[in-house]
Each structure stands twice: as structure tokens, then as C-alpha cells.
Amino acid sequence: MKTVAFHTLGCKVNQYDTQAMLEKFRAAGYEIVPFDGDADVYVINTCTVTGTGDKKSMQLTRRLRREHPDSQIILAGCLAQRKGEELLSTGARLIIGTQRRGEVVTLLEDAVASGTSVCAVNALNETTPFEPLAITSQDEHTRATLKIQEGCNNHCTYCIIPSVRGPIRSRPLENIREETERLAAAGFTELVLTGIHLSSYGRDWHDGTTLLDAIRTVHEVPGVQRIRLGSLEPTIATAAFAQALAEMPKVCPQFHLALQSGSDTVLNRMARRYNMRMYRDAVSNLRAAFPMAAFTTDVLTAFPGETEEELQETADVIREVGFAKIHVFPYSQREGTKAAVMPGQLPKAEKERRARLLIAIGEETAAAYQQQWLGRETTLLLEEKHGDCWFGYTPEYIPVTVADCPLCRQGALLSVTLTSITPDGMTAEVL
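Draft legend 1. Focus on the packing of aromatic side chains. Per the counting criterion, the structure on display carries 11 aromatic pairs. Between Tyr158 and Phe303 the ring centres are 6.2 Å apart and the planes differ by 85 degrees, which places this aromatic pair in the edge-to-face class. Remark: Phe303 occurs in the loop between strand S12 (294-301) and helix H11 (308-321) and Tyr158 occurs in the loop between strand S7 (143-150) and helix H5 (161-165); sequence separation between them is 145 residues. A relative accessible area of 12% means that Tyr158 is categorised as buried. Overall, the relative accessible area of 0% leaves Phe303 in the buried class. Here the aromatic residues Phe6, Phe25 and Tyr30 are joined through ring pairs into a cluster of three or more.

This is the structure we're talking about:
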């Protein structure tokens with residue numbers, strides 16, 4: 001039996017795509033083995049959002065070529081889509097980018113049989129369809145990612161993603177229902193709905209279908225107990241949208257609401273499609289429907305020309321919203337984007353200083369958010385056991401540990417009282 005190993009860089013969409021390719025190999029008779037061991041085939045699902053993603057992807061490829069010269073290497077994902085033919089010089093047998101993942105086994109075996117290296121990267125345009133990938137399992141035992149959308153039309157000045165993921169494409173509702181039923185039957189009680197630009201779901205059909213229709217489709221499937229949403233644009237979080245979510249009790253009150261910057265002038269240079277008035281309205285709408293909601297976000301600091309005043313505006317907004325968690329990224333120049341040639345590029349040391357500042361503020365707001373939960377009751381979905389304790393997450397995605405008890409088992413949904421804050425999250429007592 002031939003063996004294949006996988007490594008994923010980047011986002012939850014990439015993780016889903018990797019799982020879909022893994023299942024194609026398994027169906028073809030391959031054995032899935034750990035990436036750090038020997039394998040006949042290595043698949044790297046690459047990332048190109050930042051220079052770090054590029055660097056890690058290339059380092060992995062070179063290491064594999066050096067340590068496993070007789071193995072076949074496949075490069076998939078965003079860097080593969082962006083570089084295409086150029087990556088054949090790495091010695092990879094197959095380059096497939098962000099399409100044709102469903103054909104990965106056939107494409108590889110044809111390339112091996114012909115004795116050639118193949119770039120099977122397709123150009124992405126308005127006629128590119130949503131690739132009908134599917135999964136039946138994931139490494140996690142209680143939570144599964146469900147990809148319902150692909151592509152982005154926004155073309156922010158710093159972002160390379162629209163050119164490597166293509167325009168928006170939505171997964172048909174019936175297809176979403178079918179995969180939800182399969183995952184629920186496999187024992188997954190929590191589904192994370194994800195996409196490259198999730199808020200755009202349904203817009204490509206021009207028939208009035210929206211993200212709410214996709215959420216309702218998942219909500220109707222028996223066995224699903226929680227629905228968690230991927231990254232949302234502030235523009236989608238109207239009062240009506242928030243109220244519609246509140247009417248679906250399976251929806252988790254944890255919202256990853258894209259920020260990037262708290263300064264209107266920086267948002268304008270980024271070509272983001274909202275301003276801080278709209279962002280604050282979105283937070284207010286969601287908080288009205290979910291008073292204890294957790295807000296998480298991404299922040300891109302040290303954007304070209306960012307002044308100390310603009311940096312301070314972002315710091316103030318982080319404190320004002322009281323984010324439960326933030327991901328801070330120093331700006332990284334991406335060749336082919338408008339921001340890469342903007343004036344006011346900041347030195348690396350200054351980017352890192354600004355990132356450290358915002359990370360520290362984010363840690364303060366995260367601690368303050370957890371403090372609000374002390375003594376409160378909530379539910380906990382148990383995921384795995386560590387010694388004599390169980391670990392899981394609340395609907396707000398607070399990591400929680402509880403002592404083992406007769407009710408504890410993987411996938412159990414327990415009522416708990418949160419009792420203390422730890423470096424890794426919180427502790428709780430089972431009610």
C-alpha cells in the first residue's frame with residue numbers, strides 16, 4: 001500500500017481542502033501517515049497571505065526534496081496558484097493551486113506514469129465554478145469545518161487572496177445539507193461554517209440567497225448542536241441579521257468580526273468597505289442580540305503610512321470593543337498588490353513594535369472578558385481528556401477544563417459554572 005502525508009499552512013479553508021484531498025487518496029487505497037515520517041507522497045497545502053506563509057512553504061518543500069529524494073511532492077493551495085510553473089523548479093511532481101483538488105490522485109498518477117512534473121494550475125475567472133469537494137471526517141472528534149463559500153471580490157489594497165482564490169462562488173444549499181447530514185451522522189456535534197469571504201455567500205446567484213439561508217440549512221439538521229461562524233464583514237451584521245441569528249439557538253455567540261484597523265483613514269487606504277461607524281454599529285447590533293457575545297478579530301498593523309495617531313485609534317478601538325481574542329499581523333508587502341508600492345513603508349523593527357503593543361492590549365481585553373464569566377453558568381462541549389481532567393469550549397469559544405466525572409465523555413454537552421481563570425483559559429464545575 002502506498003503512503004501519503006499532508007501538511008497544511010494557513011486558514012480553515014485550507015484545512016478543509018486538505019481533508020478533502022486526504023479522503024481522495026484514502027479512497028484510492030493510499031495509507032495516510034504522519035508528515036514527519038517516511039511517505040511515498042507528500043502534499044503541502046501552501047499559504048501566501050504573508051511572506052511568512054511563502055517562506056514556510058518553500059522551506060518545507062526544500063527539506064522534503066533533500067530528505068526524501070525518491071518521494072513525490074504535491075504543492076497545492078494559494079502559493080501554488082500564485083507561482084504555478086515557477087514552482088516546478090522545486091522538484092515537485094505536481095502543482096495544482098486552488099482548483100482541481102478533487103482530481104489530485106489522478107493528476108499525480110498520470111504525472112508519475114509520464115515521468116514528468118506537471119503544473120495543473122487553472123486560471124480563475126467569473127466562469128470558475130465552486131469546486132464540489134466533500135469530507136466525511138476530520139482529526140477533531142467533536143468539531144468539523146464545513147466550507148460553504150470560495151473566493152473574494154473585494155480587492156483590498158494589501159491582499160493577494162482574490163488573485164489566488166478567484167471571484168466569489170457559493171456552495172449549493174442542498175449540497176450543504178447533504179454534507180451536514182454526513183458529518184452529523186459521523187458524530188460531529190459542532191460545525192464551523194467557513195469560506196474565503198463568508199459574508200458574500202449567495203451573492204453570485206443574484207436571487208436573494210444570503211448567508212442566513214446557509215446557516216438555517218445547517219441549523220435544521222438533527223444531531224448538530226452548535227454552529228460557529230467564520231470571519232464576518234461588519235457590513236453584514238445589521239440589526240435584522242443579528243436578530244435572525246438569535247432566533248437560531250444552535251448559533252454560537254462568538255463572532256470573528258474583521259477589523260484590520262481602527263482608523264478610518266487607514267481603512268480607506270486599505271480599500272476596506274466599511275468605516276468605524278459601521279463597525280461600531282455591527283458590534284452594537286450583535287451585542288443587542290447576544291449580550292455576552294465574544295468578539296474576536298484580525299488586526300493588520302504598520303500599514304504603509306500608518307501614523308502614531310492612527311495606531312492609537314486602533315488601540316483605542318480594541319479596548320472599546322473588549323475583544324475576547326485578537327490576531328495581530330504586521331503588514332507584509334505582497335508583490336502584485338497596490339499597497340506594496342505605496343509610500344510610507346515602515347521598517348521591520350517598527351512593525352514588530354506596533355504588533356507587540358497591540359498584542360499586549362489584546363491580552364488585557366481577553367483577560368477582562370473572561371473575568372466577566374466568573375461565577376456564571378454556561379454549556380461546555382467536551383473534546384478530549386487530559387489525565388484526570390476534560391477539556392472543551394463554551395459557545396463563546398472560551399477554553400475550559402473540568403475534573404473528570406460520571407457525565408464526562410467525548411462529545412458530551414454539559415452545564416457548568418465557570419470558577420477560575422488560568423493561563424490556558426478557565427476552569428469550571430459540572431452542574
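So much for the structure itself; the text now carries on.
Draft legend 2. The nonpolar core, seen in detail. In terms of nonpolar packing, the biggest core is built from 68 residues, with Ile148, Leu211, Leu232, Leu245, Tyr279, Phe295 and Phe303 touching the most fellow members. Among all residues touching Leu211, those that are not within four sequence positions of it are Ile148, Leu198, Tyr201, Leu232, Ile236 and Phe241. Ranked by size, the runner-up nonpolar core spans 18 residues in total, among them Ile398, Ala412, Leu414 and Met426.

Draft legend 3. A look at the pairing of strand S15 (residues 389-393). Burial analysis of S15 places four of its five residues in the buried class, which makes it a mostly covered element. Of the pairings in the sheet, the one linking strand S14 (residues 377-386) to S15 comprises five bridges and is antiparallel in character. Bridge pairing in S15 places Glu384 opposite Phe391. The antiparallel hairpin formed by S14 and S15 contains two residues in its connecting segment, where Gly387 sits at a positive phi of about 65 degrees. Bridge analysis of S15 against strand S16 (residues 399-403) gives five bridges, and the strand direction is antiparallel. Bridge pairing in S16 links Trp390 to Val402.

Draft legend 4. Main features of the sheet that holds strand S13 (residues 325-330). Read across the sheet, three strands follow the order S11-S12-S13 without closing on themselves; strand pairing throughout is parallel. Since the sheet does not close on itself, it has two edges, and those belong to strand S11 (254-256) and S13, each with one partner. Strand-to-strand twist in this sheet, taken as the mean axis angle between neighbours without regard to direction, amounts to 15 degrees.

Draft legend 5. Region of the structure containing the sheet that holds strand S6 (residues 118-119). In space, the six strands of this open sheet follow the order S2-S1-S3-S4-S5-S6, with parallel pairing throughout. Taken across any chain shown, the strands that pair with only one partner, and hence form the sheet edges, are strand S2 (31-32) and S6. Across two bridges, strand S1 (residues 3-8) lies against S2 in parallel orientation. Following the sheet pairing, Val4 is matched in S2 by Ile32. Together, strand S3 (41-46), strand S4 (72-77), strand S5 (94-97) and S6 form the strand contacts of helix H4 (residues 104-114), whose direction differs from that of S5 by roughly 155 degrees.

Draft legend 6. Quick look at the packing of H11 against helix H12 (residues 348-371). Across the interface, H11 lies against H12 with an axial gap of 9 Å and an inter-helix angle of 20 degrees. Taken as axis vectors, H11 and H12 run roughly parallel relative to one another. Here the hand of the crossing between H11 and H12 comes out right-handed. The residues of H12 that touch H11, namely those facing Glu308, Leu311, Thr314, Ala315, Ile318 and Arg319, are Glu350, Arg353, Arg354, Leu357, Leu358, Ile361, Gly362, Glu364 and Thr365. Class assignment of the residues belonging to the contact of H11 with H12 gives a composition of six nonpolar, three polar and six charged.

Draft legend 7. Local environment of the pattern of salt bridges. Within this structure, the stated rule accounts for 31 salt bridges. Taking the shortest distance from any N to any O, the salt bridge between Lys83 and Glu86 comes out at 3.9 Å. Using a relative accessible area of 24% as the deciding quantity, one classes Lys83 as partly exposed. Linking Arg228 and Glu190 is a salt bridge whose minimum nitrogen-to-oxygen distance equals 2.8 Å. Pair noted here: Arg228 is in strand S10 (residues 226-229) and Glu190 is in strand S9 (residues 190-195), with a separation of 38 residues, a long-range link. Taken as a pair, Arg228 and Glu190 share a single burial class, namely buried.

Draft legend 8. Inspection of helix H6 (residues 173-185) at higher detail. For H6, spanning 13 residues, the distance from its first C-alpha to its last is 18 Å, which sits close to the expected 18 Å at 1.5 Å a residue. Among all positions in H6, only Ile176, Glu179, Thr180, Leu183 and Ala184 are buried. Buried residues of H6 fall within an arc of 135 degrees about the axis and therefore sit on the same side. Along its buried surface, H6 packs onto helix H1 (12-27), S7, S9 and helix H7 (211-219). Count one or two residues on from H6 and you reach Gly187, which has phi positive near 105 degrees.

Draft legend 9. Local environment of the packing of helix H8 (residues 239-246) against helix H10 (residues 276-289). The N-to-C vectors of H8 and H10 enclose an angle of 30 degrees; their axes lie 8 Å apart at closest approach. With respect to their mutual orientation, H8 and H10 come out roughly parallel. You can see that H8 and H10 cross each other, and the crossing is right-handed. The segment H8 lies against H10, with Ala239, Ala242, Gln243, Leu245 and Ala246 engaging Asn285, Leu286 and Ala289. In terms of residue class, the contact of H8 with H10 is built from six nonpolar, two polar and no charged.

Draft legend 10. Here's a closer look at the environment of Leu257. With respect to the secondary-structure elements, Leu257 resides in the loop between S11 and helix H9 (264-270). Note: C-alpha distance between Leu257 and Arg216 (41 residues apart in sequence) is 20 Å. With sequence-adjacent residues up to four places away left out, Leu257 is seen in contact with Leu232, Glu233, Pro234, Tyr279, Ala282, Val283, Leu286, Phe295, Thr296 and Thr297.

Conventions we followed
- Residues numbered from 1 in each chain as written.
- Predicted model: local features only at pLDDT ≥ 70, side-chain atom pairs only at ≥ 80, totals over all residues.
- Heavy atoms only, no water.
- Phe/Tyr/Trp six-rings, centres within 6.5 Å; stacked < 30°, edge-to-face > 60°.
- Helix = DSSP H or I, 4+ residues; strand = E, 2+ residues; numbered from the N terminus.
- Buried < 20%, exposed > 50% of the residue type's maximum accessible area, 1.4 Å probe, protein only.
- Core = buried A, V, L, I, M, F, W, Y, C linked by side-chain atoms within 4.5 Å.
- Contact = heavy atoms within 4.5 Å.
- Pairing = 2+ DSSP bridges.
- Axes fitted to C-alpha atoms, helices over the stretch in contact; angles between N-to-C directions.
- Parallel < 35°, antiparallel > 145°, perpendicular 65-115°, else oblique.
- Left-handed = near helix turned anticlockwise from the far one by under 90°.
- Nonpolar A, V, L, I, M, F, W, Y, C, P; charged D, E, K, R; others polar.
- Salt bridge = Lys/Arg side-chain N within 4 Å of Asp/Glu carboxyl O.
- Expected span 1.5 Å × (residues − 1).
- Arc of directions from axis to C-beta.

By themselves, these observations are geometric and do not establish any function.
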